[in-house]
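# Commentary on secondary and tertiary structure
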Amino acid sequence: MNQVLTVATDAPVVYESAGPDQCLPRPLTVAVYPESGGTVTVEQRIAATGEWKPATGNLAGTISADLTTVLDGAISGLKFTAAVAAASIEIASR
């Protein structure tokens, strides 16, 4: 599974599992590429019916430079929000 997402400024993009009883495949490689001068924040939802919370680990905080990380834990969804400039997100799993 491979996916490329384009995140426009202040227009969050959600990437989530196919159903409420499923998680995203593991391991999941996530690459965040903010455009020049832009930033991206990431939120995560562990359960499909859970609340969006700020991401932890390498995806925590405000991302202002290219970043690639691998997620090994169970997660239902990721939400990406770009500020100042758009961003590209690449997601891949085996």
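The structure contained in this document is the topic of the report that follows. Treat the numbers as computed from the prediction; the structure is a model and nothing was measured. (Residues numbered from 1 in each chain as written. Predicted model: local features only at pLDDT ≥ 70, side-chain atom pairs only at ≥ 80, totals over all residues. Heavy atoms only, no water.)

### Some remarks on the overall build of the protein
How we decide: Secondary structure elements follow DSSP: runs of H or I no shorter than four residues count as helices, runs of E no shorter than two count as strands, and numbering proceeds from the N terminus. Atoms counted for the radius of gyration: C-alpha only. Globule rule: 2.2 Å times the number of residues to the power 0.38.
Of the regular secondary structure elements, the protein holds zero helices and nine strands. Ordered by position in the sequence, the α and β elements of the protein form the string β-β-β-β-β-β-β-β-β. Relative to the compact-globule value of 12 Å for 94 residues, the protein shows a C-alpha radius of gyration of 12 Å, a close match. Taken along its principal axes, the extent of the C-alpha atoms in the protein is 40 × 25 × 20 Å.

### Regarding the sheet that holds strand S3 (residues 28–34)
Note the following rule: Two strands make a pair as long as DSSP finds a minimum of two bridges between them. Axis definition: a line fitted to C-alpha atoms, over the contacting stretch in the case of helices. Angles run 0 to 180 degrees between N-to-C directions.
Read across the open sheet, the four strands follow the order S1-S9-S3-S7; overall the sheet is antiparallel. Every other strand in the sheet has two partners, leaving strand S1 (2–7) and strand S7 (67–71) as the edge strands with one partner each. Direction aside, the axes of adjacent strands within the sheet are offset by 15° on average. Relative to S7, S3 is paired through five bridges, and the arrangement is antiparallel. Its bridge partner being in S7, leucine 28 is matched across the sheet by leucine 71.

### A look at the pattern of salt bridges
What counts, and what does not: In the sections that follow, a salt bridge refers to a side-chain nitrogen of Lys or Arg positioned within 4 Å of a carboxyl oxygen of Asp or Glu. The classification of residues rests on relative accessible area computed with a 1.4 Å probe and restricted to protein chains. Under 20% of the type maximum is buried, over 50% is exposed, and intermediate values are partly exposed.
Under the criterion given, the structure shown has three salt bridges. A salt bridge links lysine 53 to glutamate 51; the shortest N-O distance between them is 3.8 Å. Relative accessible area serves as the criterion here: at 46%, lysine 53 is assigned to the partly exposed category. Taking relative accessible area as the criterion, glutamate 51 reaches 59% and is therefore assigned exposed.

### Some remarks on the nonpolar core
Convention followed: For our purposes a nonpolar core is just a set of buried Ala, Val, Leu, Ile, Met, Phe, Trp, Tyr and Cys residues, chained together by side-chain atoms within 4.5 Å. Throughout, a contact is declared for two residues whenever any of their heavy atoms are within 4.5 Å.
Ranked by size, the top nonpolar core spans 21 residues in total, and within it Val30, Val32, Val42, Leu59, Leu78, Phe80 and Ile89 carry the most contacts. Looking at this core, the elements that each hand over two or more residues are S1, strand S2 (13–16), S3, strand S4 (39–45), strand S8 (77–83) and strand S9 (87–93). In this view, phenylalanine 80 contacts Leu5, Val7, Pro12, Val13, Tyr15, Val30, Val32, Val40, Thr41, Val42, Ile89 and Ile91; residues no more than four positions away in its chain are not counted.

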